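A look at the structure
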Amino acid sequence: MLRLSKKADYALMAMKHLAQSSSTTSTIAREIEEQYDIPIELMAKVLQRLVRIGLLASTQGTRGGYTLGRPPASISVADVIEAIDGPFTVTACSTEKNDCEQYSKCSVRDPLWQIRERIAAALGTVTLAEIAAENVSSPVSVSRAAVLHNART
């Protein structure tokens, strides 16, 4: 089963929240943490990572907080997941390293890599703008929304 890490899920939830917020105002981590019941320390780490990657911008001070670093239509689900979890993989040998003792004899490595590419491409086509437009009133897990979107297309 393919599954996002909790950090990636939280990152998507925060990004959706920010995409639905006014683009002229900043949002503090505590606001996101309180709305979605995410531990504040973990939320802060996730947001800081997204700032380092450039998906979010951070402003210090009394009116400080977080805003999207780019327009929501130019941020994909894949961008957010990779910012938090690194490159997407489906098997232990998904990297080109030769760490597996079955590597040279494996009959499913190449097909699994092709599947990985298809999944990554699908996640790359779903934008934050699309996710933010879905069910605006309910704080549903964004990863679930992405799966539902891909199932329809």
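Now for a quick tour of the structure. None of these values were measured; they are calculated from a predicted model.

Before going further, it helps to spend a moment on the overall build of the protein. Within the protein, the regular secondary structure consists of seven helices and two strands. Mapped from its N terminus to its C terminus, the protein presents α and β elements in the order α-α-α-β-β-α-α-α-α. Here the protein, with 153 residues, has 39% of them falling under the buried criterion.

Closest axis-to-axis distance for the helix 2 (residues 29-36)/helix 3 (residues 40-53) pair is 9 Å, and the angle between their directions is 125°. With respect to helix 3, the element helix 2 is oriented oblique. Where helix 2 crosses over helix 3, the handedness of that crossing is right-handed. Here helix 2 contributes Ala29, Arg30, Ile32 and Glu33 to the contact with helix 3, which in turn contributes Ile40, Met43 and Leu47.

Before going further, it helps to spend a moment on the pairing of strand 2 (residues 65-68). As paired elements, strand 1 (residues 56-59) and strand 2 share four bridges and run antiparallel to each other. Within strand 2, the residue paired with serine 58 across the bridge is tyrosine 66. Where strand 1 hands over to strand 2, the hairpin turn is made up of five residues, of which glycine 61 adopts a positive phi near 110°.

On to the pattern of salt bridges, then. Here the structure, examined in full by the defined rule, presents three salt bridges. When the shortest N-O distance is used, the salt bridge between glutamate 33 and arginine 30 registers 3.5 Å. Taken together, the residues span about one helical turn, with glutamate 33 and arginine 30 both in helix 2 at a distance of three residues. Taking relative accessible area as the criterion, glutamate 33 reaches 15% and is therefore assigned buried. The exposure class assigned to arginine 30 is partly exposed, which follows from its relative accessible area of 43%. Among the salt bridges present, the one from aspartate 79 reaches arginine 70, with a minimum N-O distance of 3.0 Å.

This part covers the environment of isoleucine 75. As for its placement among the helices and strands, isoleucine 75 is situated in the loop between strand 2 and helix 4 (77-85). We classify isoleucine 75 as buried; its relative accessible area is 0%. Taking C-alpha positions, isoleucine 75 is 7.6 Å from leucine 55, a pair spaced 20 residues apart along the chain. Not counting the four nearest positions on each side in its chain, isoleucine 75 is found in contact with Met15, Leu55, Leu68, Arg70, Val80, Val126, Thr127 and Leu128.

Cut-offs applied
- Residues numbered from 1 in each chain as written.
- Predicted model: local features only at pLDDT ≥ 70, side-chain atom pairs only at ≥ 80, totals over all residues.
- Heavy atoms only, no water.
- Helix = DSSP H or I, 4+ residues; strand = E, 2+ residues; numbered from the N terminus.
- Buried < 20%, exposed > 50% of the residue type's maximum accessible area, 1.4 Å probe, protein only.
- Axes fitted to C-alpha atoms, helices over the stretch in contact; angles between N-to-C directions.
- Parallel < 35°, antiparallel > 145°, perpendicular 65-115°, else oblique.
- Left-handed = near helix turned anticlockwise from the far one by under 90°.
- Contact = heavy atoms within 4.5 Å.
- Pairing = 2+ DSSP bridges.
- Salt bridge = Lys/Arg side-chain N within 4 Å of Asp/Glu carboxyl O.

By themselves these figures say nothing about function.
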